[in-house]
Amino acid sequence: MAEVIVNRLSKSFGKVKAVDDVSFEVKEGEMVTLLGPSGCGKTTTLRLIAGLEKPDRGEIYLGKRPLVITDRHICIPPDKRSMGMVFQSYAVWPHMTIFENVAFPLKLRRVPEATIREKVKEVLRLVGLDNVEDRGATLLSGGQQQRVAVARALAFSPEVLLLDEPLSNLDAKLRARMRLELRSLQQRLGLTSIFVTHDQLEAMVLSDRLAVMNQGKIEHMGPPADVYQKPQTRFVMDFIGQVNHLAGRTLEVTPSGCVARATKAGEVLSCLVGDKVGQHEDVTLSIRPEDIVVYDRPPGDRPNVCRCTVKVASYLGERMHYVVAVGEETLDVFTAPRQRFAVGETVFVELDPDSMWVWRADSKHRVEQSREGNGE
Ligand SMILES: Nc1ncnc2c1ncn2[C@@H]1O[C@H](COP(=O)(O)OP(=O)(O)OP(=O)(O)O)[C@@H](O)[C@H]1O
Ligand SMILES: [Mg+2]
């Protein structure tokens, strides 16, 4: 196993910058997920690393070994890169048995027959498919095909495992189980892995670190909690989890935060600063529904408390989802299921200043568009 280093990688298709000056590292034994909306360049990045696509510019290293250095015209072919790849479609060959499917990459590499036998048995055991190796691959369920694809990618002991949306053809329950299985296998074997998905929950469950991509660029890379709680861009905050936005205007800006007025409601709120903002600028104030606390009476002398009216109350089992109105604007709020308020009731919400972010009003915010394009 070795680390993967990607340095200033770019790839265009005609006018589309599919991958735009992307740099990141995946440490030895680490699982990194490329997460982002459809068309943001995840698959292209993965295919560039696998060697299935040639970059316009950039460098890729496996440990100290250069796989690609465009300036020096170095580009190692895919079969010499020691990378196992699992695709969304599995690409399991239906006319072969499970054994033959998994043995195939080893045969290509002219591995001796006895070693193949041993190795195939070993990886099939790893993915929980021993005892069915002679079965034809057409008779397999989606989950089993997915395991065959993983076993085949692992058969030649690659240094890196690349997975492109390998779970998206499975039903929700199986998907959740395979997710945990993959994570456990990856951790047990200490596999350096890069996983691609547009599903944020999957990305958070699976990864040591996420790289959130938008339009060919990485906007934020970090551990899941970091990306969720301290998003570096408004796009990242919008793409992961739910978020409320209020239009506002800054009153006073300090290095650590700012005070802004949420225009329509006229509330004065303290916030953290996401983008660089100046005084008297139009801004968007953002906060996640779970970072809002609801009280039935004013909670004393605390900042960021607004008087609201409950508009909608929905019981969701593990939590309550309220929609409350602050003046003309509404906020989604999640509370513990035991906290009950009636529709029409006056409540007081506290918008935690440390979870409240200010972005420039014209800050990038293209997620709705991408989501529509994705049919989600
Ligand atoms: N072979 C190609 N020829 C032309 N354009 C391409 C090609 N491959 C990718 N693109 C374009 O490059 C951009 C990035 O595509 P890519 O497949 O990497 O996105 P993705 O993030 O994997 O999306 P999805 O979630 O839909 O799989 C898109 O605009 C896509 O249309
Ligand atoms: Mg893709």
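Residues numbered from 1 in each chain as written. Chains lettered and ligands numbered in written order. Predicted model: local features only at pLDDT ≥ 70, side-chain atom pairs only at ≥ 80, totals over all residues. Heavy atoms only, no water.

(A) Seen up close, the confidence of the model for the protein chain. Mean pLDDT over the protein chain works out to 89, with 95% of the residues at or above the 70 mark. This stretch, residues 366–376, has a pLDDT under 50; its non-local contacts, to residues over four places away or in other chains, come to 12 contacts. (pLDDT = per-residue confidence, 0-100. Contact = heavy atoms within 4.5 Å.)

(B) How the structure looks around unusual backbone geometry. Positive phi, normally seen in glycine, also occurs at Arg 110, with a value near 55 degrees. In this structure, Arg 110 sits in the loop between α2 (98–108) and α3 (113–126). Although it is not a glycine, His 280 adopts a positive phi angle of roughly 60 degrees. The topology assignment puts His 280 in the loop between β14 (267–273) and β15 (282–287). (Helix = DSSP H or I, 4+ residues; strand = E, 2+ residues; numbered from the N terminus.)

(C) Main features of the site of ligand 1. As a matter of local geometry, ligand 1 sits amid Phe 13, Val 16, Ala 18, Pro 37, Ser 38, Gly 39, Cys 40, Gly 41, Lys 42, Thr 43, Thr 44 and Glu 165. Separating an oxygen atom of ligand 1 from a side-chain N or O atom of Ser 38 is a distance of 2.5 Å. Contact between ligand 1 and Gly 41: an oxygen atom at 3.0 Å from a main-chain N or O atom of the residue. When ligand 1 is considered free in solution it has 640 Å² of accessible area, and contact with the protein chains removes 59% of it. For the shell around ligand 1, the secondary structure elements donating two or more residues are β2 (16–26) and α1 (42–50). The element that contributes the greatest number of residues to the shell around ligand 1 is α1, accounting for 3 residues. The residue makeup of the shell around ligand 1, split by class, is 5 nonpolar, 5 polar and 2 charged. (Near = heavy atom within 4 Å. Polar contact = N/O pair within 3.5 Å; in protein donor to acceptor, adjacent residues only side chain to side chain. Areas by Shrake-Rupley, 256 points an atom, 1.4 Å probe, with all protein chains shown as cover. Nonpolar A, V, L, I, M, F, W, Y, C, P; charged D, E, K, R; others polar.)

(D) Summary view of α3. Between its first and last C-alpha, α3 extends 20 Å over 14 residues, near the 20 Å set by a 1.5 Å rise per residue. By the burial criterion, the buried members of α3 are Ile 116, Lys 119, Val 120, Val 123 and Leu 124. Buried residues of α3, seen end-on, are gathered within an arc of 130 degrees and therefore sit on one face of the element. In α3, those exposed residues whose orientation departs by more than 90 degrees from the buried face are Ala 114, Glu 118 and Arg 125. (Expected span 1.5 Å × (residues − 1). Buried < 20%, exposed > 50% of the residue type's maximum accessible area, 1.4 Å probe, protein only. Arc of directions from axis to C-beta.)

(E) A look at the packing of aromatic side chains. All told, the structure shown has 4 aromatic pairs when counted by the stated rule. Aromatic side chains Phe 235 and Phe 239 sit 5.8 Å apart centroid to centroid with 10 degrees between the ring planes, which places their arrangement in the stacked category. Of this pair, Phe 235 and Phe 239 are both found in helix α8 (residues 234–239), 4 residues apart, which corresponds to roughly one turn of the helix. Among the residues examined, Phe 235 registers a relative accessible area of 1% and is labelled buried. Its guanidinium or amino end placed over the ring of Phe 156, Arg 109 lies 3.8 Å from that ring's centre, counting from NZ or CZ. Between Arg 288 and the ring centre of Tyr 228, over which it is positioned, the NZ or CZ distance is 4.1 Å. (Phe/Tyr/Trp six-rings, centres within 6.5 Å; stacked < 30°, edge-to-face > 60°. Lys NZ or Arg CZ within 6 Å of the ring centre and 35° of its normal.)

(F) Broad picture of α1. The element α1 is extensively covered by neighbouring structure, given that 7 of its 9 residues are classed as buried. Turning to α1, its buried residues number three or more, namely Lys 42, Thr 44, Thr 45, Leu 46, Leu 48, Ile 49 and Ala 50. Gly 51 sits one or two residues past α1 and shows a positive phi near 95 degrees.

(G) Representation of the pattern of salt bridges within the structure. One pass over the structure, following the stated rule, counts 20 salt bridges. A salt bridge links Glu 53 to Arg 47; the shortest N-O distance between them is 3.1 Å. A salt bridge links Asp 71 to Arg 57; the shortest N-O distance between them is 3.4 Å. On the criterion of sequence distance, the pair formed by Asp 71 in the loop between β5 (65–69) and β6 (74–75) and Arg 57 in strand β4 (residues 57–62) is long-range, its members being 14 residues apart. For Asp 71, a relative accessible area of 54% gives the class exposed. In this structure, a network of salt bridges that share partners links the residues Arg 175, Arg 179, Asp 199 and Glu 202. (Salt bridge = Lys/Arg side-chain N within 4 Å of Asp/Glu carboxyl O.)

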